[in-house]
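Summary of structural features
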Amino acid sequence: MGTACDHDHDHSGLKGGALDRALAQAEARAVKDGERMTAQRRRVLALLLEAGEPVKAYDLIARFGEDGQAAKPPTVYRALEFLERLGMAHRIASISAYVACSSDEGDAIHAAAFLICDCCGATREVTGPDQGAMAAAASAAGYAIARTTIEAHGRCAACREAA
């Protein structure tokens, strides 16, 4: 991200009942996929959902314990790998951060596309372009795509208006 903004943004995540519902849906999805939503996986997902914005792994490690106790890095990284594999979270490589999936595609693992504000860091997951051509090109080259993440950098509406 670029320079810090001096105007307000709402990067709030889920709280209360909305958070509980999202965690229950994630748990049901994990069970449907034959997986377990362990306490550690659930805690990492809750931290991502509560944040409402991308979070660096070391920030998750620091916030992990409900009593202020940091987690051991492998605990958080294993949970993030699990959440990514099931499509519940995405890694945004250009900013080395993770974000809870906000797609409305239900259970489908999908091509994630993100709009990232270089001023305030706001990140929005949007519907990505049709992946048919990419899948066909990969298939022709003998590849099988496991996941696709598209990252577009620019400025959000609030930062453009404030400039």
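Here is a short report on the structure shown in this document. (Residues numbered from 1 in each chain as written. Predicted model: local features only at pLDDT ≥ 70, side-chain atom pairs only at ≥ 80, totals over all residues. Heavy atoms only, no water.)

Pairing is mixed across the open sheet formed by three strands, whose spatial order is 4-3-5. Each having just a single partner strand, strand 4 (123-127) and strand 5 (149-154) make up the two edges of the open sheet. Put simply, the sheet's adjacent strands are angled 25° from each other on average, direction ignored. Here strand 3 (residues 112-117) runs beside strand 5; their pairing, made up of six bridges, is parallel. Pairing of F114 across the sheet is with E151, part of strand 5. (Pairing = 2+ DSSP bridges. Helix = DSSP H or I, 4+ residues; strand = E, 2+ residues; numbered from the N terminus. Axes fitted to C-alpha atoms, helices over the stretch in contact; angles between N-to-C directions.)

On to the packing of helix 2 (residues 39-51) against helix 4 (residues 73-85), then. For any two helices packed against each other, one specifies the inter-axial angle together with the distance between the axes. Their axes nearest at 9 Å, the elements helix 2 and helix 4 cross at an angle of 75°. It follows that helix 2 is roughly perpendicular to helix 4 by the angle criterion. In contact with Q40, R41, V44, L45 and L48 of helix 2, helix 4 contributes T75, V76, A79, L80, F82 and L83. Across the contact of helix 2 with helix 4, the residue classes break down as eight nonpolar, two polar and one charged. (Parallel < 35°, antiparallel > 145°, perpendicular 65-115°, else oblique. Contact = heavy atoms within 4.5 Å. Nonpolar A, V, L, I, M, F, W, Y, C, P; charged D, E, K, R; others polar.)

The backbone of S96 sits at a positive phi, close to 50°, despite the residue not being glycine. A relative accessible area of 39% places S96 in the partly exposed class. (Buried < 20%, exposed > 50% of the residue type's maximum accessible area, 1.4 Å probe, protein only.)

Treat this as a map of the structure, not an account of what it does.
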